[in-house]
Amino acid sequence: MKRKLTAAIGIAGMMVSIAACGGEGDGGSDKGADVKELTVWLTVDAQNNWPELVKAADDAVKKKHPGLKINHEYYGWPDKNAKLDAVLATDKVPDVVEMGNTEMLGYMVKGAFAPLDQGRFDKSDAWLDGLKASVTYEGKTYGVPYYAGGRVANWRKDIAASVGVKTAPKAYKELTDALDKIQKKQGDKFSAWYQPTRDWYAAMSFVYDAGGAIATESGGQWKASLSSPESLKGLKEFKNVVDKYMHGDKTKDESDRYIVYGQGKSAMIFAAAWEGATAEDPKNDKSGKLKGNLENFVMPGPSGKNMPVFLGGSDLAVPVKSDAQDLAAEWINAFAGSSGQKGLMAKGNLPNNKTDLATLKNDPKTAVPATAAEANWFVPMAPGWGQVEKAQILQTMLQSIGTGKKSVEAAAKEADAAIDKVINTK
């Protein structure tokens, strides 16, 4: 999935009154019985990559509701939320809207979306844990996972082979042994593992692998836990990776990682599954050595298990002001239900559920991302999480750790204090 998902923040102040304008429900069973028109907002990903799946959902719903008109509007990711914030303050809202999964929380906190009956959606009892978390707030379901994208390790087979390693590592020590050899051979101007210091998605994978967490909830209150022994263990191993193998700019984030990888001065990345393929595209492969030499593999964790990965992806939600909530939920199930998931998988996406994910593990072409996605984590579903992301608390901590400005313990303690100030604030 070639896009970066960011948390929804800065929702228009007038949205505070949204919850009062709509009623409680389970997907609007009392809303939409006589509706003759449905409006669906999706991103251009659907328009450009799987329009036939949109049409199939439309046809299935129209067959049950003769005369129903379904309108579609498509938006680019940078534009969608500004438009959505504006219309949510009016009575003219879409009935279905696609959201990045990290965008959901801010809108759920503000009461922008209608609660849904999870049981009416295909394979909802098997939704991937990270995706299920993204649509759940205070025990209620406010959206349906649409599709997912995970993270994998990717390395250059030619460079690995040059130090006698011919197969991708399955254990963390195998990986670090190979990287040690690569680093020694290539020298200190080369990054055996190009790992941007501010990449909190990767860093937090180390934290969760060690049994830690960004924050934990007890009695309805969230508290930061980066200073726990488990979290510190994960952060220290992340620092070890950056110190030993990352010889690039240690103040950078991951936004241009695939471009840097394409320059040929690194042997490995731990990144979104699309990044390796994008790096070897001729327009990015400046070294001319990546094509045919890259290999994805499941990232092993120091714990001895597969590294838990952050799951990016999209969800589908129904605005609370929609007058067609029941039909909206029906359309969502037609689009992201069993048949839709098959179509999305055929397009290279990960499905929203464990049952379909298991089928991808049997295909060599999809086994790596499918296996990697089985162990996953998601951000704390706390009311103030959007403020944590907006303040870039994790990135600041990681840069301090990676550059040596602060010790792991001091940086984590400072980050915990900053998180605790805002994480419970709506």
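Just above sits the structure.
Owing to the predicted nature of the structure, the values given are computational and were not obtained by experimental measurement.

Caption draft 1: Local environment of the pattern of salt bridges. Tallied over the full model, the rule gives 19 salt bridges. We note a salt bridge from Asp 199 to Arg 257, for which the minimum N-O separation is 2.8 Å. With Asp 199 in the loop between helix H8 (172–186) and helix H9 (200–209) and Arg 257 in helix H11 (residues 257–262), this pair connects stretches of sequence that are 58 residues apart. Residue class for Asp 199 comes out buried when judged on its relative accessible area of 2%. Put simply, Asp 420 and Lys 223 hold a salt bridge, and the shortest N to O gap is 3.3 Å. Within this pair, whereas Asp 420 is found in helix H19 (residues 408–422), its partner Lys 223 is found in strand S9 (residues 221–224), the two being separated by 197 residues in sequence. Looking at Asp 420, the relative accessible area reads 29%, which means it is partly exposed.

Caption draft 2: Focus on the sheet that holds strand S7 (residues 151–156). The antiparallel open sheet is built from 3 strands, whose spatial order is S10-S7-S11. Since the sheet does not close on itself, it has two edges, and those belong to strand S10 (268–272) and strand S11 (294–297), each with one partner. This sheet shows a mean twist of 30° between the axes of neighbouring strands, independent of strand direction. Here 5 bridges tie S7 to S10, and the two strands are oriented antiparallel to one another. Bridge pairing links Asn 154 to Ile 269 in S10. Helix H16 (residues 367–374) contacts S7 and S11 of the sheet and is inclined by roughly 135° relative to S7.

Caption draft 3: The nonpolar core, seen in detail. In terms of nonpolar packing, the biggest core is built from 120 residues, with Phe 113, Trp 193, Met 204, Trp 331, Phe 335 and Met 397 touching the most fellow members. When neighbours within four sequence positions are excluded, Phe 335 is seen to be in contact with Leu 42, Trp 50, Leu 53, Val 54, Ala 57, Tyr 146, Leu 316 and Gly 340.

Caption draft 4: Main features of the environment of Ser 314. Mapped onto the fold, Ser 314 is located in strand S13 (residues 312–317). On the basis of relative accessible area, Ser 314 is assigned to the buried category, the value being 0%. Linking Ser 314 and Glu 230, residues 84 residues apart in sequence, is a C-alpha distance of 30 Å. Among the polar contacts listed, one links the side chain of Ser 314 to the side chain of Glu 98, at a separation of 2.7 Å.

Calculation criteria
Residues numbered from 1 in each chain as written. Predicted model: local features only at pLDDT ≥ 70, side-chain atom pairs only at ≥ 80, totals over all residues. Heavy atoms only, no water. Salt bridge = Lys/Arg side-chain N within 4 Å of Asp/Glu carboxyl O. Helix = DSSP H or I, 4+ residues; strand = E, 2+ residues; numbered from the N terminus. Buried < 20%, exposed > 50% of the residue type's maximum accessible area, 1.4 Å probe, protein only. Pairing = 2+ DSSP bridges. Axes fitted to C-alpha atoms, helices over the stretch in contact; angles between N-to-C directions. Contact = heavy atoms within 4.5 Å. Core = buried A, V, L, I, M, F, W, Y, C linked by side-chain atoms within 4.5 Å. Polar contact = N/O pair within 3.5 Å; in protein donor to acceptor, adjacent residues only side chain to side chain.

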